[in-house]
Amino acid sequence: QVQIVESGGGLVQPGGSLRLSCAASGSILNIHFMGWYRQVPGKQRELVAQISSDGFTTYADSVKGRSTISRDNAKNTVYLQLNSLKPEDTAVYYCYAMIRIARAEVPPIDYWGQGTQVTVSS
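Once a new chain begins, its residue numbering starts again from 1 and follows that chain's sequence as written. In keeping with the predicted nature of the model, local features appear solely for residues at pLDDT of at least 70, side-chain atom pairs appear and are counted solely at 80 or more, and the whole-chain, interface and lining totals rest on all residues. Only hydrogens and water are removed before side-chain values are computed, so all heavy atoms of the structure are retained for them.

> Could you give me a rundown of the pattern of salt bridges, with the residues and numbers involved?
Each salt bridge in this description consists of a side-chain nitrogen of Lys or Arg and a carboxyl oxygen of Asp or Glu lying within 4 Å of one another. Taken as a whole and assessed by the stated rule, the structure comprises 4 salt bridges. Among the salt bridges present, the one from Asp89 reaches Arg38, with a minimum N-O distance of 3.0 Å. Placement of the pair is Asp89 in the loop between strand E8 (77-82) and strand E9 (91-101) and Arg38 in strand E4 (residues 28-39), with a sequence separation of 51 residues. It is possible to trace a salt-bridge network through shared partners that takes in Arg38, Glu46, Arg66 and Asp89. For the purposes of this entry, the term helix denotes a DSSP run of H or I that reaches at least four residues, the term strand denotes a run of E that reaches at least two, and both are numbered from the N terminus.

Put into structure tokens, the structure is as follows:
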């Protein structure tokens, strides 16, 4: 089985920064995508940023210019640097990975972390 481990969430004041980390482990053949989604009560989960296996990145308009997603393929880890944080960034952030495991005839599978709380407040 694949395990997703998230870290880096917490409480930060407006204008501050956080770096979220997500590491995948297990019988992984390759990871097609890794990224971060977020969700607040009463709203749909939304993409924050993701990065593909070949380095293509996607960012939500709300975080463009103040966020950077990166990866370490050797460690199966993705990082999301969030700067100039705003109260509206407050959410539970979920790591996402589309992973091909090292078994024949098994298609890529979506994996999710359990979520890490990011709270931006004075």
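> So what about the packing of aromatic side chains? Which residues, and what values?
Within 6.5 Å between ring centres, the rings of Phe, Tyr and Trp (the latter by its six-membered ring) count as paired, and their orientation is classed by plane angle as stacked under 30 degrees, edge-to-face over 60, tilted in between. The full count for this structure, using the stated rule, is 3 aromatic pairs. With 5.8 Å between their ring centres and 75° between their planes, Tyr37 and Tyr96 make a pair best called edge-to-face. Of the two residues, Tyr37 is situated in strand E4 and Tyr96 in strand E9; the sequence distance between them amounts to 59 residues. As far as burial versus exposure is concerned, Tyr37 and Tyr96 are alike and both buried. For the pair Tyr37 and Trp112, a centre-to-centre distance of 5.1 Å together with 65° between the ring planes defines the contact as edge-to-face. With Tyr37 in strand E4 and Trp112 in strand E10 (residues 109-112), this residue pair connects regions lying 75 residues apart in the sequence. Remark: exposure states derive from per-residue accessible area (1.4 Å probe, protein chains only) relative to the maximum for the residue type, with buried under 20%, exposed over 50%, and partly exposed in between. For Tyr37, a relative accessible area of 19% gives the class buried.

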